[in-house]
Amino acid sequence: MAGLLDGIPAPDPYPRTSRYHGIGQVVHTTADGQEVPYTPRRILPPPERLVQVDEHVVVEGDRADNLANRYLGDAEQWWRIADANPVLDPAELTRTPGRVLRITLPDQTG
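So, here's what we can say about the structure. What you see is a predicted model; the values in this text were computed from it and never measured.

Turning our attention to the pattern of salt bridges. Under the criterion given, the structure shown has three salt bridges. Among the salt bridges present, the one from Arg-42 reaches Asp-83, with a minimum N-O distance of 2.3 Å. Taken together, the positions of Arg-42 in the loop between strand S2 (35-38) and strand S3 (52-57) and Asp-83 in helix H3 (residues 78-84) put the pair 41 residues apart, joining distant regions of the chain. Judged by its relative accessible area of 18%, Arg-42 is buried.

Encoded structure:
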């Protein structure tokens, strides 16, 4: 009976809006045989591959989540702005007033 289910992929542990959606999980086996599942490192897309649709000039008080809500309609999509600019720390996006941020379409080449 288990053979019938083997061909069905496991559900993705992350929602479609997550930066980790589609990456999957892998398992590390420790020296004592314990299996530890983890999500592998996500490789950022080259920023030049992302199509720019807008830009934002940072002002005092800006936050990455608020900018994502304003430009992308979802505060949890701040990571897309980080990918486009490219930074890993969302606070770095808005740390310097006057910085011009690229607002881009999602990476389609995956």
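Turning our eyes to something else, we now look at the environment of Tyr-38. When you line up the elements, Tyr-38 lands in strand S2. The class of Tyr-38 is partly exposed, set by a relative accessible area of 40%. Placed eleven residues apart in sequence, Tyr-38 and Val-27 show a C-alpha to C-alpha distance of 6.1 Å.

With that settled, the discussion passes to the side chain of Thr-94. Secondary-structure assignment places Thr-94 in helix H4 (residues 90-94). Those residues in contact with Thr-94 that lie beyond four places of it in its chain are Val-58, Asp-62, Arg-63, Ala-64 and Leu-67.

Below, the discussion takes up helix H2 (residues 64-72). For H2, the full list of buried residues reads Ala-64, Leu-67 and Ala-68. Down the axis of H2, the smallest arc covering the buried residues is 100°, so these residues share one side. Check the buried side of H2 and you find it contacts S3, H3, H4 and strand S4 (100-104). Gly-73, located one to two residues past H2, shows a positive phi value of around 80°.

Let's shift gears to the nonpolar core. Ranked by size, the top nonpolar core spans twelve residues in total: Val-58, Ala-64, Leu-67, Ala-68, Trp-78, Trp-79, Ile-81, Ala-82, Val-87, Leu-93, Leu-101 and Ile-103. Put simply, the parts of the chain that give this core at least two residues each are H2, H3 and S4. When residues in this core are grouped by element, the largest group, four residues, is from H3. Not counting chain neighbours up to four residues away, the residues in contact with Ala-82 comprise Val-87 and Leu-93.

Turning our attention to the environment of Leu-93. Residue placement: Leu-93 occurs in helix H4. Those residues in contact with Leu-93, other than ones at most four positions away along the chain, are Val-58, Ala-64, Trp-78, Ile-81, Ala-82, Asn-85, Val-87, Arg-99 and Leu-101.

On the surface, a nonpolar cluster with roughly 250 Å² of combined accessible area is contributed by Val-51, Val-53 and Leu-105. Within the element layout of this structure, Val-53 appears in strand S3.

The residue Arg-80 is located in helix H3 in this model. Here Arg-80 is buried and forms no salt bridge, its nearest opposite-charge partner Asp-83 lying at an N-O distance of 7.4 Å.

Conventions and cut-offs
- Residues numbered from 1 in each chain as written.
- Predicted model: local features only at pLDDT ≥ 70, side-chain atom pairs only at ≥ 80, totals over all residues.
- Heavy atoms only, no water.
- Salt bridge = Lys/Arg side-chain N within 4 Å of Asp/Glu carboxyl O.
- Helix = DSSP H or I, 4+ residues; strand = E, 2+ residues; numbered from the N terminus.
- Buried < 20%, exposed > 50% of the residue type's maximum accessible area, 1.4 Å probe, protein only.
- Contact = heavy atoms within 4.5 Å.
- Arc of directions from axis to C-beta.
- Core = buried A, V, L, I, M, F, W, Y, C linked by side-chain atoms within 4.5 Å.
- Patch = residues over 30% accessible without salt bridge, like charges linked within 9 Å, V, L, I, M, F, W, Y side chains within 5 Å.
- Areas by Shrake-Rupley, 256 points an atom, 1.4 Å probe, with all protein chains shown as cover.
- Lys, Arg positive; Asp, Glu negative; His and termini not counted.

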